[in-house]
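Survey of secondary and tertiary structure
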Amino acid sequence: MVLLPDEIVRIAQDISGMRIRGAGRIAKAVAEAMLIAAQKYQGKPEEFKPYLKRVAELLLKTRPTAVSLPNAVYYILSRTDSAPPNEARDAAIKASREFLQLVEDSHRRVVEYGSRLIGDEEVIFTHCHSKAVTDTIIKASRDGKKLEVIVTETRPFLQGRITLRELSAAGIKVIHIPDSAIRVFIKEATMAFVGADAITSDGYLINKIGTSIVALAAYEAGVPFYSAAETIKFSPMSLMGSDVEIEFRDPSEITGLYSAKIAEELLGLKVEVLNPVFDLTPPNQITAYVTDLGVIPPQLSVVVVRQLLGISGIRGHAIIHED
Ligand code: RI2
């Protein structure tokens, strides 16, 4: 059996260890890994497809929630699988490059549409770190809009600090708050804008834990709530009734935030520490998704999934873009 290149194993470890994170970045890293795996392959042509499937399986196991990950894998696998054995490697290389281009193009469009949505003066409430959101805010600010951003800490992994750093470096005023202050500060905002890890065909948003609290508070306060969601984040499997799995990470991410003494005390008490990292926001609390196809109401998610992603291929859940 042909061994998988070290680089692929490293990328997989970086994704599961959150050194590579964010749904868009994860999709890109996965397509890059498949590309490297194909380029480095030196075995027999007829053994290429099973080899690429082993690469795919390794990558699929890294994180379960961000749908852009399986969408990237199946986009490449389905195109490789339909090629004859002696053309499979070239097909994988071509499909990986196409997918990387797709990630880049859709990100650029989301940033363009999202920045148009932002008014001349806004106080934007955000949660966690989404590259689609920060790049959109930075573009709107460069376009001359007067913006202030309120960002949560986003416990336990504290991705809020990445948002804080990126926006401050771009000269945007940022206010940093604890997650427990969401309802207090949402009233100061003119819009809420978060990222997306997965969107179901019935319009539910799966995003960083705490997002549903932001949405609920925004709904109560009458603040519009948007999510930046490239179409590669929509879940074709949800159309067939599959739930998106919510990832539970190691409890040490939570206990690690305490002093050693408190952590020891907690562990001594043998309490169960649970660390779910995503939650579900219902479509009625979402004003719109900012996608690469434009700004769409959550009720149109089914159209995005059905018409643009389509369903076919390996194990019935590859995505196919009809050009
Ligand atoms: P972009 C992140 O998850 C956040 O939940 C964020 O909203 C989402 O990915 C999308 O990020 P994590 O990887 O693709 O930090 O917009 O668990 O960067």
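These lines cover the structure that appears in this document, whether it is placed above or below. (Residues numbered from 1 in each chain as written. Predicted model: local features only at pLDDT ≥ 70, side-chain atom pairs only at ≥ 80, totals over all residues. Heavy atoms only, no water.)

1. What to know about the site of the ligand
Lining the immediate surroundings of the ligand are 18 residues, of which Arg21, Gly24, Ser130, Asp197 and Asn207 lie closest. Between the ligand and serine 130, the relevant distance is 2.6 Å, taken from an oxygen atom to a side-chain nitrogen or oxygen of the residue. Note that an oxygen atom of the ligand is positioned 3.3 Å from one of the backbone N or O atoms of alanine 132. Surface burial for the ligand is 99%, taken as the share of its 450 Å² of free accessible area covered by protein chains. Cavity membership is defined here by more than half of the atoms lying within 2 Å of grid points; on that basis the ligand lies in the largest pocket. If you list the elements that add at least two residues to the shell around the ligand, you get α2 (23-40), α6 (131-142) and β6 (205-208). (Near = heavy atom within 4 Å. Polar contact = N/O pair within 3.5 Å; in protein donor to acceptor, adjacent residues only side chain to side chain. Areas by Shrake-Rupley, 256 points an atom, 1.4 Å probe, with all protein chains shown as cover. 1 Å grid on protein atoms, 1.4 Å probe; cavity = no way out; pocket = protein on both sides within 12 Å on 5 of 7 lines; lining within 4 Å. Sits in = over half its atoms within 2 Å of the grid points. Helix = DSSP H or I, 4+ residues; strand = E, 2+ residues; numbered from the N terminus.)

2. Observations regarding the layout of surface pockets
Its volume calculated, the largest pocket comes out at about 570 Å³. As for the largest pocket, its lining consists of 31 residues, and the residues nearest its centre are Arg21, Gly22, Gly24, Arg25 and Lys131. If you list the elements that add at least two residues to the lining of the largest pocket, you get α2, α5 (88-117), α6 and β6. The element best represented in the lining of the largest pocket is α2, accounting for 5 residues. Here the lining of the largest pocket is built from residues that sort into 10 nonpolar, 9 polar and 12 charged. (Points joined across faces, edges and corners; volume = space filled by probe spheres on them. Nonpolar A, V, L, I, M, F, W, Y, C, P; charged D, E, K, R; others polar.)

3. Focus: the nonpolar core
Grouped together as the largest cluster of nonpolar side chains are 39 residues, with contacts concentrated most on Val30, Met34, Phe48, Leu52, Val55, Val73 and Phe99. Sorting the residues of this core by element identifies α1 (6-16), α2, α3 (48-60), α4 (68-81) and α5 as the ones contributing at least two each. A per-element tally of this core places α2 first, with 11 residues. Leave out the neighbours within four places in its chain, and valine 55 touches Leu4, Ile8, Met34 and Ala37. Of all hydrophobic cores here, the second largest spans 26 residues; its members include Val194, Ile199, Ile296 and Val304. (Core = buried A, V, L, I, M, F, W, Y, C linked by side-chain atoms within 4.5 Å. Buried < 20%, exposed > 50% of the residue type's maximum accessible area, 1.4 Å probe, protein only. Contact = heavy atoms within 4.5 Å.)

4. Concerning the pairing of strand β4 (residues 191-194)
Burial of the side chains of β4 extends over both faces: Met191 and Phe193 are buried on one face and Ala192 and Val194 on the other. Bridge count for strand β1 (residues 121-126) against β4 is 2 bridges, and the pairing is parallel. Bridge assignment links phenylalanine 125 to a residue of β4, and that residue is alanine 192. Sheet topology note: the β4/strand β7 (residues 225-228) ladder contains 3 bridges and is parallel. Residue pairing across strands places phenylalanine 193 opposite tyrosine 226, the latter belonging to β7. (Pairing = 2+ DSSP bridges.)

5. Focus on the side chain of lysine 145
Relative to the elements of secondary structure, lysine 145 occurs in the loop between α6 and β2 (146-152). An unpaired buried charge is present at lysine 145: no salt bridge exists, and aspartate 120, the closest side chain of opposite charge, is 5.1 Å distant. A distance of 2.8 Å separates the side chain of lysine 145 from the backbone oxygen of serine 115, its partner in a polar contact. Leaving out residues up to four positions away in the same chain, lysine 145 has contacts with Ser115, Arg116, Ile118, Gly119, Asp120 and Ala140. (Lys, Arg positive; Asp, Glu negative; His and termini not counted. Salt bridge = Lys/Arg side-chain N within 4 Å of Asp/Glu carboxyl O.)

6. Some words on the pattern of salt bridges
Using the criterion set out here, one finds 19 salt bridges in the structure. The shortest N-O distance in the salt bridge between lysine 94 and glutamate 98 comes to 3.2 Å. Taken as a pair, lysine 94 and glutamate 98 lie in helix α5 at a separation of 4 residues, close to a single helical turn. Across the pair lysine 131 and aspartate 135 runs a salt bridge, and its minimum N-O distance is 3.0 Å. Of the two residues, lysine 131 and aspartate 135 both sit in helix α6, 4 residues apart, roughly one turn of that helix. One continuous salt-bridge network, built from bridges that share partners, spans Arg63, Glu247, Arg249 and Glu253.

7. Overview of the sheet that holds strand β5 (residues 198-199)
Pairing is antiparallel across the open sheet formed by 3 strands, whose spatial order is β5-β6-β8. Unpaired on one side and paired on the other, β5 and β8 (278-281) mark the two borders of the sheet. Along the sheet, helix α9 (residues 211-221) makes contact with β6 and β8, crossing β8 at roughly 30°. (Axes fitted to C-alpha atoms, helices over the stretch in contact; angles between N-to-C directions.)

8. A short note on the packing of α4 against α5
Two elements in contact, α4 and α5, have axes whose closest approach is 8 Å; the angle formed by their N-to-C orientations is 145°. The interaxial crossing formed by α4 with α5 has right-handed handedness. Contacts between α4 and α5 involve Ser68, Asn71, Ala72, Tyr75, Ile76, Arg79 and Thr80 on the former and, on the latter, Ala88, Ala91, Ala92, Ala95, Ser96, Glu98, Phe99 and Leu102. By residue class, the composition of the contact of α4 with α5 is 9 nonpolar, 4 polar and 2 charged. (Left-handed = near helix turned anticlockwise from the far one by under 90°.)

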